[in-house]
Amino acid sequence: MPDPNGFLRYGRRLPARRPVPVRISDWREVYPPAGEGLIREQATRCMDCGIPFCHEGCPLGNRIPDWNDLVRTGNWDAAVESLHATNNFPEFTGRLCPAPCEAACVLGLGGQQPVTIKQVEVEIADAAAARGLPPRPASVPSGRSVAVVGSGPAGLAAAQQLARAGHAVTVYERDDAIGGLLRYGIPDFKLEKRHIDLRLAQLRAEGVDFRTGVNVGVDVTAEQLRAQHDAVLLACGALQGRDTDTPGRQLRGVHQAMAHLVASNRVVAAAGEGRPALATLADGTPIDAAGKHVVIIGGGDTAADCLGVAHRQGAAGVHQLDLYPQPPRARDEGRDPWPTWPWILREYPAHEEGGERVFAVAVQEFVDDGTGAVRAVRIAEVTVEKRDGRRIVTMVPGTERELPADLVLLAIGFEGTEEQPLLAQFGVTRNARGAVDSRADWQTEADGVFVAGDMHRGASLIVWAIAEGRAAAAAIHTYLDGVGVLPAPVHPASRPLAAR
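None of these values were measured; they are calculated from a predicted model. (Residues numbered from 1 in each chain as written. Predicted model: local features only at pLDDT ≥ 70, side-chain atom pairs only at ≥ 80, totals over all residues. Heavy atoms only, no water.)

*Asks:* I keep staring at unusual backbone geometry and nothing clicks. Help me out?
*Replies:* What you tend to see is this: most non-glycine residues have negative phi, and most peptide bonds are trans. A cis geometry characterises the amide bond from tryptophan 338 onward to proline 339, with omega recorded as 5°. Relative to the helices and strands, proline 339 is located in the loop between strand E7 (317-322) and strand E8 (356-359). Phi is positive for aspartate 48, close to 50°, though the residue is something other than glycine. As for its position among the elements, aspartate 48 is in the loop between helix H3 (36-44) and helix H4 (54-57). A positive phi angle, near 55°, is found at alanine 360, a position not held by glycine. (Helix = DSSP H or I, 4+ residues; strand = E, 2+ residues; numbered from the N terminus.)

Listed below in structure tokens is the structure:
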């Protein structure tokens, strides 16, 4: 029985972040572990609603009231079991998911602050890791084999589900380490890579075979893969960065944001292994913010990640530009009624570390220093409106000005999965959004070839990637005539909560 007065006795509290001067001098996670007292107090705020809308906010269908109450009563082992029943990797979601479950918390309907669901989740996951992550290998092999192409959260979730069901699973990753964007796209101050390594050790013990440095479609053909496996899951992500045709785009120093994040993550990984390294692009071009005036174009998670990286690399100054006006700090019920995801001002830890956010502006030109390198960006204030489903951006006359810029990072979204040889070899095409469509059973237009995660739905949240990976694994298990039924939390047509 939950505490019916918990939310009245306790306000919403999160553990204090590490001090800014300390944390920007290293790459460790911003949040230290929370004490058990704080987490049990916050879990007590959960009302165990008759209709828990947090379930609807989370595509994984996490049993949030259940494990909140188990934490409240100190039953950590049962909380770990309850959390893992629906989520393969709560240590990832608890750190990286923006928590649509909290936006859907019923406390938000009554004017209260939502339960700190995400923080409770990560503390349960860390408690599980501290106790050890015991493997759960299948007792009887099925004799069937599955290839998973891509090792991000969707691919790893599917791999674990299928391996536990008895299938022989091989994960192919073109990079030199497993993890997809978790490995080289997410900075360590948000996700230290030891969390990935702990989970990979569990998957290996469950029989998953990992092959790195294998670019499917180049190093091994689709025909070879299909000859070796009974089914194939494509989980290659949506890494095609959105670009711009703004004048001066070709100048040195103007890069896609992900190029900067990957380069910096490789440096951190090398330092952890005792190897010196410089932040460079694949062609050796330096891409470090040290001593530079940095301009980040975009207002989302990727932009905030670049901001935190720039601070730790010692940037001389940072401006983050957002096309849209500054959002309100509280939900606008007329625009985004509870329990939908609200458009509000989101302040990341990186924002308290420095830099300046500039709203309602657009870049008019990247300015040449005379040698082919960028020296500034020319911006202007704009208004943005929607007409017939199209975005109309209008410059405000007389508002143009320049910002110094030695390094410009484009964090303006993604255009879907990359065009790559494996698509043609499997006979799979991209749709107008750059994603790969599937039938109701998660199969693509090629029989026996399935798709899940960002490659299927476009760039999205980690919880959707894991949910789709689990659902696609269930479909593959059925396709292979597996015994029993695996959980399938979402359908290929599933979408987030939205006001109609």
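There is more to say, and it comes next.
*Asks:* Explain the packing of helix H14 (residues 257-272) against helix H15 (residues 301-313) here, please?
*Replies:* How two helices pack is summed up by the angle between their axes together with the distance between the axes. Here H14 crosses H15 at 45°, and the two axes come no closer than 10 Å. Considering their axes alone, H14 and H15 lie oblique with respect to each other. In the packing of H14 onto H15, the handedness of the crossing is left-handed. Contact residues: Ala257, Met258, His260, Leu261 and Ser264 in H14; Thr302, Asp305, Cys306, Val309 and Gln313 in H15. Grouping the constituent residues of the contact of H14 with H15 by class yields five nonpolar, four polar and one charged. (Axes fitted to C-alpha atoms, helices over the stretch in contact; angles between N-to-C directions. Parallel < 35°, antiparallel > 145°, perpendicular 65-115°, else oblique. Left-handed = near helix turned anticlockwise from the far one by under 90°. Contact = heavy atoms within 4.5 Å. Nonpolar A, V, L, I, M, F, W, Y, C, P; charged D, E, K, R; others polar.)

*Asks:* Explanation requested: the pairing of strand E13 (residues 407-410) in the structure shown.
*Replies:* If a strand is regular, its side chains alternate between the two faces of the sheet. The alternating pattern of E13 places Leu407 and Leu409 and Val408 and Leu410 on opposite faces, both of which are buried. Note: strand E5 (residues 254-256) against E13, three bridges, orientation parallel. Pairing of glutamine 256 across the sheet is with leucine 410, part of E13. Of the strand pairs in this sheet, strand E6 (residues 293-297) and E13 are connected by four bridges, and their pairing is parallel. Its bridge partner being in E13, valine 294 is matched across the sheet by leucine 407. (Buried < 20%, exposed > 50% of the residue type's maximum accessible area, 1.4 Å probe, protein only. Pairing = 2+ DSSP bridges.)

*Asks:* It is not clear to me how the pattern of salt bridges should be interpreted in this structure. Could you clarify?
*Replies:* If the charged atoms of two oppositely charged side chains come close together, the side chains can form a pair. The tally for this structure, following the rule as stated, stands at 37 salt bridges. Among the ionic pairs, glutamate 41 bridges to arginine 13, the shortest N-O distance being 3.2 Å. Pair noted here: glutamate 41 is in helix H3 and arginine 13 is in the loop between helix H1 (6-9) and helix H2 (20-23), with a separation of 28 residues, a long-range link. Its relative accessible area of 16% is what places glutamate 41 among the buried residues. Between arginine 378 and glutamate 402 there is a salt bridge, with the nearest N and O atoms lying 2.7 Å from each other. Of this pair, arginine 378 sits in strand E10 (residues 374-387) while glutamate 402 sits in strand E12 (residues 401-404), and the two are 24 residues apart along the sequence. Residue class for arginine 378 comes out partly exposed when judged on its relative accessible area of 24%. Judged by its relative accessible area of 35%, glutamate 402 is partly exposed. One continuous salt-bridge network, built from bridges that share partners, spans Arg17, Arg23, Arg312, Glu352 and Glu353. (Salt bridge = Lys/Arg side-chain N within 4 Å of Asp/Glu carboxyl O.)

*Asks:* Help me out: how do you make sense of the side chain of serine 264 in this one?
*Replies:* Structurally, the position occupied by serine 264 is in helix H14. A residue is classified by how much of its surface remains accessible, and serine 264, at 3% relative accessible area, is buried. A distance of 2.9 Å separates a polar atom in the side chain of serine 264 from the backbone oxygen of leucine 261. (Polar contact = N/O pair within 3.5 Å; in protein donor to acceptor, adjacent residues only side chain to side chain.)

*Asks:* Sorry if this is basic, but what is going on with H3 here?
*Replies:* Three or four residues apart is the spacing at which side chains of an α-helix point the same way, because the helix has 3.6 residues per turn. Along H3, the residues classified as buried are Leu38, Ile39, Glu41, Gln42, Ala43 and Thr44. The elements touched by buried residues of H3 are H1, helix H5 (64-72), helix H6 (76-84) and helix H9 (117-131).

*Asks:* What am I meant to see in the environment of leucine 480 here?
*Replies:* Structurally, leucine 480 can be placed in the segment after helix H18 (462-479). Each C-alpha atom, one on leucine 480 and one on alanine 257, is 40 Å from the other, the two residues being 223 residues apart in sequence. Not counting residues within four places of it along the chain, the set of residues in contact with leucine 480 comprises Arg144, Val146, His167, Asp230 and Ala231.

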